[in-house]
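# Understanding the architecture of this molecule
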Amino acid sequence: MLSLSDWITTLSLVFGGCCSNAITLEHITSRYPNAGVLITFFQFLIVSLYGLPKQFTFNDPPESKRAANGPNGTASAPTTPRKRWIPRLKNRKVPLLPYFVQVALFFVLSTLNNAAFAYHIPMTVHIVFRSGGMIINMILGWIFTKNAGIIITTLSASKPKSRAAEVGTPDVSLYAMGISILGLALVLSGFLGLIQDWVFARYVTPAQAEAASDPAEQSSWQEHMFYLHSLALPLFYFSKDNISMELTRMSSSPPVFLSLPQSGPLAPYEAGLIVPSIFVYLLLNTCTQLVCVVGVNRLTGRVSSLTVTLILTVRKAISLLLSVAFYGGQGNTEMWAGAGLVFIGTIGYSTGSKSKDPKEKKD
(Lines give C-alpha, C1' and ligand atoms only; values in the text may rest on other atoms or scores of the structure.)
Protein backbone atom coordinates (compact mmCIF):
# COMPACT_ATOMS: atom_id res chain seq x y z
CA MET A 1 0.00 0.00 0.00
CA LEU A 2 1.40 3.35 -1.00
CA SER A 3 1.82 6.02 1.63
CA LEU A 4 0.80 9.61 0.98
CA SER A 5 4.38 10.66 0.30
CA ASP A 6 4.84 7.75 -2.12
CA TRP A 7 1.66 8.74 -3.95
CA ILE A 8 2.80 12.35 -4.27
CA THR A 9 6.25 11.33 -5.51
CA THR A 10 4.99 8.73 -7.97
CA LEU A 11 2.21 10.88 -9.41
CA SER A 12 4.59 13.83 -9.75
CA LEU A 13 6.96 11.64 -11.76
CA VAL A 14 4.15 10.30 -13.96
CA PHE A 15 2.31 13.53 -14.70
CA GLY A 16 5.32 15.85 -14.66
CA GLY A 17 7.63 13.61 -16.63
CA CYS A 18 5.20 12.10 -19.15
CA CYS A 19 3.27 15.29 -19.92
CA SER A 20 6.41 17.39 -20.42
CA ASN A 21 7.90 14.59 -22.49
CA ALA A 22 4.91 14.70 -24.84
CA ILE A 23 5.42 18.45 -25.34
CA THR A 24 9.12 18.13 -26.21
CA LEU A 25 8.41 15.11 -28.42
CA GLU A 26 5.89 17.05 -30.47
CA HIS A 27 8.33 19.97 -30.83
CA ILE A 28 11.05 17.67 -32.20
CA THR A 29 8.91 15.52 -34.48
CA SER A 30 7.11 18.53 -35.98
CA ARG A 31 10.49 19.70 -37.30
CA TYR A 32 12.25 16.36 -37.76
CA PRO A 33 9.51 13.77 -38.41
CA ASN A 34 12.05 11.06 -39.28
CA ALA A 35 13.86 11.31 -35.94
CA GLY A 36 11.76 8.65 -34.24
CA VAL A 37 14.50 6.00 -34.11
CA LEU A 38 17.03 8.55 -32.83
CA ILE A 39 14.67 9.68 -30.07
CA THR A 40 13.95 6.07 -29.09
CA PHE A 41 17.67 5.28 -28.93
CA PHE A 42 18.47 8.13 -26.54
CA GLN A 43 15.46 7.26 -24.39
CA PHE A 44 16.54 3.62 -24.09
CA LEU A 45 20.14 4.66 -23.44
CA ILE A 46 19.43 7.02 -20.54
CA VAL A 47 17.06 4.57 -18.84
CA SER A 48 19.71 1.84 -19.13
CA LEU A 49 22.44 4.08 -17.69
CA TYR A 50 20.16 5.13 -14.85
CA GLY A 51 19.32 1.55 -13.90
CA LEU A 52 22.82 0.10 -14.36
CA PRO A 53 24.27 0.93 -10.90
CA LYS A 54 21.25 -0.56 -9.17
CA GLN A 55 21.82 -3.92 -10.85
CA PHE A 56 25.38 -4.37 -9.57
CA THR A 57 26.57 -5.46 -6.15
CA PHE A 58 29.91 -5.96 -4.40
CA ASN A 59 28.56 -8.83 -2.29
CA ASP A 60 29.10 -12.47 -3.11
CA PRO A 61 26.02 -14.52 -4.07
CA PRO A 62 24.06 -15.86 -1.06
CA GLU A 63 24.93 -19.39 -0.01
CA SER A 64 22.48 -22.20 -0.60
CA LYS A 65 20.36 -23.47 2.28
CA ARG A 66 22.35 -26.72 2.52
CA ALA A 67 25.66 -24.88 2.68
CA ALA A 68 24.26 -22.53 5.30
CA ASN A 69 23.47 -25.44 7.63
CA GLY A 70 25.94 -27.10 9.88
CA PRO A 71 27.51 -30.56 9.25
CA ASN A 72 24.69 -32.33 11.12
CA GLY A 73 21.96 -30.43 9.28
CA THR A 74 21.50 -27.93 12.07
CA ALA A 75 21.23 -24.29 11.20
CA SER A 76 24.47 -22.40 11.63
CA ALA A 77 24.81 -18.79 12.70
CA PRO A 78 24.15 -16.27 9.91
CA THR A 79 27.29 -14.98 8.24
CA THR A 80 27.98 -11.51 6.92
CA PRO A 81 28.04 -11.39 3.09
CA ARG A 82 31.60 -11.31 1.81
CA LYS A 83 32.70 -8.28 -0.14
CA ARG A 84 34.42 -8.53 -3.50
CA TRP A 85 36.61 -6.12 -5.45
CA ILE A 86 34.89 -6.55 -8.79
CA PRO A 87 31.13 -5.91 -8.89
CA ARG A 88 28.78 -8.53 -10.25
CA LEU A 89 25.24 -8.41 -11.58
CA LYS A 90 22.59 -9.05 -8.97
CA ASN A 91 20.60 -12.25 -9.18
CA ARG A 92 17.59 -11.72 -11.42
CA LYS A 93 14.07 -12.51 -10.30
CA VAL A 94 13.08 -13.19 -13.92
CA PRO A 95 15.02 -15.47 -16.33
CA LEU A 96 16.49 -14.00 -19.49
CA LEU A 97 14.16 -15.78 -21.93
CA PRO A 98 10.98 -13.95 -20.77
CA TYR A 99 12.96 -10.72 -20.92
CA PHE A 100 14.06 -11.40 -24.52
CA VAL A 101 10.43 -11.88 -25.59
CA GLN A 102 9.36 -8.66 -23.86
CA VAL A 103 12.36 -6.75 -25.23
CA ALA A 104 11.55 -7.77 -28.81
CA LEU A 105 7.95 -6.58 -28.50
CA PHE A 106 8.82 -3.44 -26.51
CA PHE A 107 11.57 -2.40 -28.95
CA VAL A 108 9.37 -2.88 -32.01
CA LEU A 109 6.32 -1.07 -30.63
CA SER A 110 8.43 1.81 -29.22
CA THR A 111 10.14 2.25 -32.57
CA LEU A 112 6.84 2.05 -34.45
CA ASN A 113 5.18 4.62 -32.19
CA ASN A 114 7.94 7.17 -32.73
CA ALA A 115 8.36 6.33 -36.42
CA ALA A 116 4.68 7.09 -37.06
CA PHE A 117 5.43 10.82 -36.94
CA ALA A 118 7.15 10.49 -40.32
CA TYR A 119 3.72 9.76 -41.83
CA HIS A 120 2.10 13.08 -40.85
CA ILE A 121 0.42 11.67 -37.73
CA PRO A 122 -0.48 14.58 -35.39
CA MET A 123 0.43 14.31 -31.72
CA THR A 124 -3.25 14.45 -30.77
CA VAL A 125 -4.03 11.34 -32.81
CA HIS A 126 -0.85 9.75 -31.48
CA ILE A 127 -1.95 10.28 -27.87
CA VAL A 128 -5.52 9.10 -28.42
CA PHE A 129 -4.46 6.08 -30.46
CA ARG A 130 -1.94 4.94 -27.86
CA SER A 131 -4.58 5.21 -25.16
CA GLY A 132 -6.20 2.16 -26.74
CA GLY A 133 -3.68 -0.21 -25.16
CA MET A 134 -6.42 -2.28 -23.54
CA ILE A 135 -8.27 -2.77 -26.82
CA ILE A 136 -7.35 -6.45 -27.06
CA ASN A 137 -8.93 -7.10 -23.67
CA MET A 138 -12.04 -5.03 -24.23
CA ILE A 139 -15.44 -6.67 -23.85
CA LEU A 140 -18.27 -6.10 -26.31
CA GLY A 141 -19.95 -3.00 -24.91
CA TRP A 142 -16.84 -0.94 -24.27
CA ILE A 143 -14.96 -2.10 -27.35
CA PHE A 144 -17.53 -0.38 -29.55
CA THR A 145 -17.30 2.90 -27.62
CA LYS A 146 -13.54 2.97 -27.65
CA ASN A 147 -13.18 1.93 -31.29
CA ALA A 148 -15.72 4.58 -32.27
CA GLY A 149 -13.63 7.19 -30.48
CA ILE A 150 -10.44 6.13 -32.20
CA ILE A 151 -12.11 6.08 -35.63
CA ILE A 152 -13.67 9.55 -35.20
CA THR A 153 -10.40 11.02 -33.95
CA THR A 154 -8.40 9.41 -36.76
CA LEU A 155 -10.75 10.59 -39.52
CA SER A 156 -10.94 14.11 -38.10
CA ALA A 157 -7.17 14.44 -38.13
CA SER A 158 -6.92 13.18 -41.71
CA LYS A 159 -8.74 16.28 -42.93
CA PRO A 160 -6.49 19.13 -44.12
CA LYS A 161 -5.78 21.61 -41.31
CA SER A 162 -4.58 25.19 -41.47
CA ARG A 163 -1.29 24.14 -39.97
CA ALA A 164 -0.83 21.51 -42.63
CA ALA A 165 -0.74 24.24 -45.25
CA GLU A 166 2.81 24.99 -44.20
CA VAL A 167 3.99 21.64 -45.49
CA GLY A 168 1.25 20.95 -48.01
CA THR A 169 -1.82 18.74 -47.82
CA PRO A 170 -0.97 15.35 -46.34
CA ASP A 171 -1.03 12.38 -48.68
CA VAL A 172 -3.96 10.16 -47.74
CA SER A 173 -2.01 6.99 -48.48
CA LEU A 174 0.90 8.24 -46.35
CA TYR A 175 -1.46 9.03 -43.51
CA ALA A 176 -3.10 5.60 -43.84
CA MET A 177 0.34 4.00 -43.56
CA GLY A 178 0.99 5.93 -40.36
CA ILE A 179 -2.33 4.80 -38.90
CA SER A 180 -1.47 1.21 -39.84
CA ILE A 181 1.83 1.54 -37.99
CA LEU A 182 0.06 2.84 -34.89
CA GLY A 183 -2.48 0.02 -35.18
CA LEU A 184 0.26 -2.60 -35.31
CA ALA A 185 1.98 -1.00 -32.33
CA LEU A 186 -1.35 -1.07 -30.48
CA VAL A 187 -1.76 -4.81 -31.07
CA LEU A 188 1.83 -5.49 -30.00
CA SER A 189 1.24 -3.39 -26.89
CA GLY A 190 -1.70 -5.61 -25.99
CA PHE A 191 0.40 -8.77 -26.35
CA LEU A 192 3.19 -7.18 -24.32
CA GLY A 193 0.73 -6.42 -21.53
CA LEU A 194 -0.45 -10.02 -21.45
CA ILE A 195 3.13 -11.32 -21.30
CA GLN A 196 4.07 -8.86 -18.56
CA ASP A 197 1.06 -9.94 -16.50
CA TRP A 198 2.15 -13.56 -16.83
CA VAL A 199 5.77 -12.78 -15.95
CA PHE A 200 4.69 -10.75 -12.92
CA ALA A 201 2.43 -13.55 -11.66
CA ARG A 202 4.99 -16.27 -12.38
CA TYR A 203 8.21 -14.73 -11.11
CA VAL A 204 7.84 -11.29 -9.52
CA THR A 205 5.03 -11.92 -7.01
CA PRO A 206 6.64 -15.03 -5.46
CA ALA A 207 9.99 -13.25 -5.27
CA GLN A 208 8.43 -10.28 -3.49
CA ALA A 209 6.71 -12.61 -1.03
CA GLU A 210 9.99 -14.30 -0.16
CA ALA A 211 11.74 -10.95 0.22
CA ALA A 212 8.98 -9.26 2.17
CA SER A 213 11.27 -8.80 5.16
CA ASP A 214 14.02 -7.17 3.09
CA PRO A 215 13.02 -3.81 1.57
CA ALA A 216 16.25 -3.71 -0.46
CA GLU A 217 15.07 -6.76 -2.38
CA GLN A 218 11.66 -5.30 -3.25
CA SER A 219 12.90 -3.64 -6.45
CA SER A 220 11.43 -5.82 -9.16
CA TRP A 221 10.27 -2.78 -11.11
CA GLN A 222 13.86 -1.50 -11.29
CA GLU A 223 15.11 -4.83 -12.62
CA HIS A 224 12.32 -4.98 -15.17
CA MET A 225 12.93 -1.40 -16.31
CA PHE A 226 16.68 -1.95 -16.70
CA TYR A 227 16.61 -5.21 -18.66
CA LEU A 228 13.72 -4.13 -20.85
CA HIS A 229 15.75 -1.14 -22.09
CA SER A 230 19.37 -2.34 -21.90
CA LEU A 231 18.82 -5.63 -23.75
CA ALA A 232 17.30 -3.66 -26.63
CA LEU A 233 20.29 -1.36 -27.15
CA PRO A 234 22.20 -3.73 -29.51
CA LEU A 235 19.18 -3.73 -31.84
CA PHE A 236 19.81 -0.07 -32.66
CA TYR A 237 22.96 -1.15 -34.52
CA PHE A 238 20.78 -1.95 -37.51
CA SER A 239 19.53 1.66 -37.53
CA LYS A 240 22.91 3.33 -37.08
CA ASP A 241 22.77 5.00 -40.50
CA ASN A 242 19.38 6.56 -39.76
CA ILE A 243 20.56 7.74 -36.34
CA SER A 244 23.73 9.26 -37.80
CA MET A 245 21.83 11.00 -40.59
CA GLU A 246 19.28 12.53 -38.22
CA LEU A 247 22.02 13.75 -35.88
CA THR A 248 23.70 15.44 -38.85
CA ARG A 249 20.42 17.10 -39.86
CA MET A 250 19.75 18.28 -36.33
CA SER A 251 23.22 19.76 -36.00
CA SER A 252 22.28 22.32 -38.66
CA SER A 253 19.37 23.69 -36.64
CA PRO A 254 19.60 27.35 -35.48
CA PRO A 255 22.20 27.74 -32.71
CA VAL A 256 21.37 28.82 -29.19
CA PHE A 257 23.74 30.24 -26.56
CA LEU A 258 23.69 28.52 -23.16
CA SER A 259 25.33 30.74 -20.56
CA LEU A 260 27.32 29.23 -17.72
CA PRO A 261 27.42 30.64 -14.18
CA GLN A 262 30.59 32.59 -13.38
CA SER A 263 32.16 33.61 -10.10
CA GLY A 264 35.35 35.24 -8.89
CA PRO A 265 37.61 37.12 -11.33
CA LEU A 266 35.72 35.72 -14.35
CA ALA A 267 32.35 37.06 -13.14
CA PRO A 268 32.33 40.12 -15.49
CA TYR A 269 32.86 37.86 -18.51
CA GLU A 270 30.03 35.86 -20.03
CA ALA A 271 30.84 32.26 -20.80
CA GLY A 272 28.74 29.52 -22.26
CA LEU A 273 28.18 27.02 -25.02
CA ILE A 274 26.70 27.41 -28.49
CA VAL A 275 24.71 24.34 -29.46
CA PRO A 276 22.04 23.57 -32.06
CA SER A 277 18.71 24.52 -30.53
CA ILE A 278 17.04 21.20 -31.31
CA PHE A 279 19.63 19.42 -29.15
CA VAL A 280 18.28 21.27 -26.13
CA TYR A 281 14.83 19.82 -26.81
CA LEU A 282 16.36 16.39 -27.44
CA LEU A 283 18.08 16.55 -24.05
CA LEU A 284 14.85 17.66 -22.36
CA ASN A 285 12.93 14.89 -24.10
CA THR A 286 15.45 12.28 -23.00
CA CYS A 287 15.49 13.44 -19.38
CA THR A 288 11.71 13.74 -19.10
CA GLN A 289 11.36 10.26 -20.61
CA LEU A 290 13.54 8.92 -17.81
CA VAL A 291 11.35 10.63 -15.22
CA CYS A 292 8.23 9.28 -16.94
CA VAL A 293 9.53 5.70 -17.17
CA VAL A 294 10.63 5.69 -13.53
CA GLY A 295 7.25 6.99 -12.43
CA VAL A 296 5.26 4.49 -14.49
CA ASN A 297 7.40 1.55 -13.35
CA ARG A 298 7.13 2.63 -9.71
CA LEU A 299 3.37 2.79 -10.16
CA THR A 300 3.16 -0.58 -11.91
CA GLY A 301 5.17 -2.31 -9.21
CA ARG A 302 3.12 -0.97 -6.30
CA VAL A 303 -0.55 -0.75 -7.32
CA SER A 304 -3.02 -2.85 -9.30
CA SER A 305 -3.15 -2.79 -13.09
CA LEU A 306 -6.61 -1.18 -12.86
CA THR A 307 -5.21 1.79 -10.93
CA VAL A 308 -2.34 2.11 -13.38
CA THR A 309 -4.76 2.18 -16.33
CA LEU A 310 -6.94 4.86 -14.77
CA ILE A 311 -4.00 7.09 -13.85
CA LEU A 312 -2.35 6.77 -17.26
CA THR A 313 -5.66 7.51 -18.98
CA VAL A 314 -5.96 10.77 -17.04
CA ARG A 315 -2.33 11.53 -17.86
CA LYS A 316 -2.95 11.07 -21.58
CA ALA A 317 -6.01 13.30 -21.41
CA ILE A 318 -3.88 16.04 -19.84
CA SER A 319 -1.20 15.52 -22.50
CA LEU A 320 -3.88 15.94 -25.16
CA LEU A 321 -5.03 19.22 -23.62
CA LEU A 322 -1.44 20.48 -23.38
CA SER A 323 -0.77 19.54 -27.01
CA VAL A 324 -3.74 21.58 -28.21
CA ALA A 325 -2.87 24.44 -25.85
CA PHE A 326 0.80 24.65 -26.89
CA TYR A 327 0.60 23.83 -30.60
CA GLY A 328 -3.09 24.07 -31.55
CA GLY A 329 -4.24 23.12 -35.04
CA GLN A 330 -6.07 19.91 -34.06
CA GLY A 331 -8.70 21.06 -31.58
CA ASN A 332 -11.79 20.57 -33.75
CA THR A 333 -15.16 19.17 -32.70
CA GLU A 334 -14.55 15.69 -34.15
CA MET A 335 -11.20 15.47 -32.39
CA TRP A 336 -12.66 16.24 -28.98
CA ALA A 337 -15.63 13.93 -29.57
CA GLY A 338 -13.36 11.04 -30.54
CA ALA A 339 -10.96 11.67 -27.68
CA GLY A 340 -13.86 11.83 -25.23
CA LEU A 341 -15.20 8.47 -26.36
CA VAL A 342 -11.77 6.89 -26.05
CA PHE A 343 -11.18 8.10 -22.51
CA ILE A 344 -14.76 7.38 -21.40
CA GLY A 345 -14.50 3.88 -22.86
CA THR A 346 -11.24 3.21 -21.04
CA ILE A 347 -12.45 4.49 -17.67
CA GLY A 348 -15.83 2.80 -18.09
CA TYR A 349 -14.28 -0.57 -18.89
CA SER A 350 -11.86 -0.25 -15.97
CA THR A 351 -14.51 0.68 -13.41
CA GLY A 352 -16.82 -1.98 -14.82
CA SER A 353 -14.13 -4.60 -14.36
CA LYS A 354 -13.56 -3.39 -10.81
CA SER A 355 -17.23 -3.74 -9.90
CA LYS A 356 -17.30 -7.30 -11.22
CA ASP A 357 -14.32 -8.52 -9.22
CA PRO A 358 -16.08 -8.79 -5.79
CA LYS A 359 -19.01 -10.63 -7.35
CA GLU A 360 -16.73 -13.11 -9.04
CA LYS A 361 -14.89 -13.71 -5.78
CA LYS A 362 -18.20 -14.45 -3.98
CA ASP A 363 -19.16 -16.96 -6.63
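About the cut-offs
- Residues numbered from 1 in each chain as written.
- Predicted model: local features only at pLDDT ≥ 70, side-chain atom pairs only at ≥ 80, totals over all residues.
- Heavy atoms only, no water.
- Salt bridge = Lys/Arg side-chain N within 4 Å of Asp/Glu carboxyl O.
- Helix = DSSP H or I, 4+ residues; strand = E, 2+ residues; numbered from the N terminus.
- Buried < 20%, exposed > 50% of the residue type's maximum accessible area, 1.4 Å probe, protein only.
- UniProt positions renumbered as here; feature names shortened; annotations may be inferred.
- Core = buried A, V, L, I, M, F, W, Y, C linked by side-chain atoms within 4.5 Å.
- Contact = heavy atoms within 4.5 Å.

Applying the stated rule across the entire model yields one salt bridge. Its salt-bridge partner being Arg249, residue Glu246 comes within 3.3 Å of it at the nearest N-O pair. Placement of both Glu246 and Arg249 in helix α9 (residues 240-250) is noted, with a separation of three residues, approximately one turn of the helix. A relative accessible area of 1% means that Glu246 is categorised as buried. Note on Arg249: relative accessible area 34%, which makes it partly exposed.

Our next topic: the UniProt feature "transmembrane region" (unreviewed entry) in the protein. With numbering matched to this structure, UniProt assigns "transmembrane region" (unreviewed entry) to residues 32-52, 96-121, 127-152, 172-195, 273-296, 308-329 and 335-352. The distance from the first to the last C-alpha atom of residues 172-195 is 35 Å, and the span holds 100% helix and 0% strand. Split by type, residues 273-296 is 83% helix and 17% strand. Its first and last C-alpha atoms lie 34 Å apart.

Further remarks concern the environment of Asn114. Its location among the elements puts Asn114 in helix α4 (residues 96-115). Separated by 12 residues in sequence, Asn114 and His126 place their C-alpha atoms 9.3 Å apart.

Let us now look at the nonpolar core. Among the nonpolar cores identified, the biggest contains 38 residues, and Ile121 and Met250 are the most heavily contacted of them. Every element with two or more residues in this core is listed here: α1 (4-31), α2 (36-51), α4, α5 (123-130), α7 (172-210), α9 and α10 (277-300). When residues in this core are grouped by element, the largest group, eight residues, is from α7. When sequence neighbours within four positions are dropped, the list of residues in contact with Met250 reads Ile28, Tyr32, Ala35, Leu38, Pro276, Ile278, Phe279 and Leu282. Grouped together as the second largest cluster of nonpolar side chains are nine residues, Cys18, Cys292, Val303 and Val308 included.

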